[in-house]
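Structure at a glance
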Amino acid sequence: MELTIVHPIPPNEHVFIEEDLITDETENLQKSTLKDFIGNRQGVIMISKSTCPFCLELKRTLQSFGIHYIVAEADKTNKISTIQKEMHEAYGMSTFPILIIDGIKVGGCTDCKTFEFNGEFQPKLAQYITKHIPPEQKHPCFNILFFPETVNNWAVRSTGTLSMIYAVLCTAFWDHKVTKWAVLAIAIDYALRIVFGGVGSPIGMIGAALVSRIPPNFVAGPPKQFAACCGWFMTALSAALYLSGVPIGGAVMIALLIPPAAMEGLLDFCLGCWMFGYAIDFGIIPASIYRPYLNSFASKVWTWNFTHDYSVKYPEIKNEHVLLPGQTQITPVDLIRKDRFETEYKNQDVSIRHITVDFYAIPLAVAALALVFKLLADGSYAPITGEHVGHWGTRPVFQALGITSVALCGLISIAYIIKGFLW
């Protein structure tokens, strides 16, 4: 069957919706209220926004299950604000998309992806599966450099606050001789954030450490990376002006960083993310850039909850006496947690089977001692007189130690090779 696009998707997208899986009723939503539009309908209804990346991903998810659903694009009506108000009054949310099954709200895209991860989404949709859709063979990844697809918003806000304080100090001491190097340092820090995210940035690592006790609020990474690019542009231009001998221009540029950093850190409003959203609306950035985040969000939350669930009571370790064959009296030595038979076996068996990499510490220690004697043999210069001072008799010692360390290293390497072949 030929695949065709039956509802607006940004032109740079390669996501196709099968014609018989979707019914577009945007015109009906235009003519009625949201309450009347939903009514007592049985089926899957999605209130969407045509350029929203979250709506696009939910459509793709429904298509992957072969679900027939009704969609209404709120932005194609002339009353999107009214629809959002009605959504908030009826369902407690005003963001797009919202999925409704048999008149009951399921939630937005992240809610549905969480249900999908937990295995709860498919049973809700089972009766509306109309055709089998082959599973996708490839999943796109939009990682640019090494920036994570999912970030902790608390760490981002903490980093923004620290960046604001840093910019305030640079502005306050704009004419100090050290300021130009401080501005260059934060420009490098922003460059590291663009490449690695917060884990590669000193300010980002400090910011993450400050909020490490707060449960994370996971958000999409790409808009935060774009915001870091904006910060880098401003700080890099400021550093260039400082190093070019125009400190006033550099001070003005670093001062311009204070408002967006303050809004990010104190008000949780990301100016770069806001610009990023408009870039998606205008088709400059593909809407599917959020897809990796939406498909990893639920697993990130589950992993954090699992690793921080301190209510689980694991069985306590019980100490017991392990006696060797023929032993009748217990002693404190028998009270060990590790299998004593294995311990005794290793103590009795001195074959190369038990050789480990830390054995190389022996020749390294001998080599270090040889280096000390070599320095003594070469001599040094007295700090006051400048006279060359040597130590007689040390040269043969360092030579002997050096040969010994090489021999020991060779023997251990041979033993390692034999171990590799036999075990």
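Each remark here, short or long, concerns the structure printed above.
What counts, and at which threshold
- Residues numbered from 1 in each chain as written.
- Predicted model: local features only at pLDDT ≥ 70, side-chain atom pairs only at ≥ 80, totals over all residues.
- Heavy atoms only, no water.
- Helix = DSSP H or I, 4+ residues; strand = E, 2+ residues; numbered from the N terminus.
- Buried < 20%, exposed > 50% of the residue type's maximum accessible area, 1.4 Å probe, protein only.
- Polar contact = N/O pair within 3.5 Å; in protein donor to acceptor, adjacent residues only side chain to side chain.
- Pairing = 2+ DSSP bridges.
- Axes fitted to C-alpha atoms, helices over the stretch in contact; angles between N-to-C directions.
- Contact = heavy atoms within 4.5 Å.
- Phe/Tyr/Trp six-rings, centres within 6.5 Å; stacked < 30°, edge-to-face > 60°.

Some words on the side chain of Ser50
- Take Ser50: it is sitting in the loop between strand E2 (44–48) and helix H3 (53–64).
- Residue Ser50 is classed as buried on the basis of its relative accessible area of 5%.
- Within the local environment of Ser50, its side chain forms a polar contact with the side chain of Asp75, the two groups lying 2.5 Å apart.

Regarding the sheet that holds E2
- One open sheet holds the five strands; their spatial order is E1-E3-E2-E4-E5, and the pairing between them is mixed. For this open sheet the edge positions go to strand E1 (22–24) and strand E5 (104–107), each flanked by a neighbour on one side alone. On average, each strand axis in the sheet is tilted by 25° relative to the strand beside it, whichever way the strands run.
- As paired elements, E2 and strand E3 (residues 69–73) share four bridges and run parallel to each other. Residue pairing across strands places Ile47 opposite Ala72, the latter belonging to E3.
- Contacting E2, strand E4 (98–101) and E5, helix H4 (residues 80–91) crosses the sheet at an angle of about 50° to E4.

Observations regarding the packing of aromatic side chains
- A complete count under the given rule lists 10 aromatic pairs for this structure.
- Their ring planes at 55° and their centres at 5.8 Å tell us that Phe226 and Phe276 sit as a pair that is tilted. Placement of Phe226 in helix H10 (residues 222–243) and of Phe276 in helix H13 (residues 271–281) is noted, with a sequence separation of 50 residues between them.
- Judged by relative accessible area, which is 27%, Phe226 ranks as partly exposed.
- Residue Phe276 is classed as buried on the basis of its relative accessible area of 3%.
- Judged by centre distance (6.2 Å) and plane angle (75°), the ring pair of Phe276 and Tyr290 falls under edge-to-face.

Limitation: the analysis is restricted to geometry and does not speak to function.
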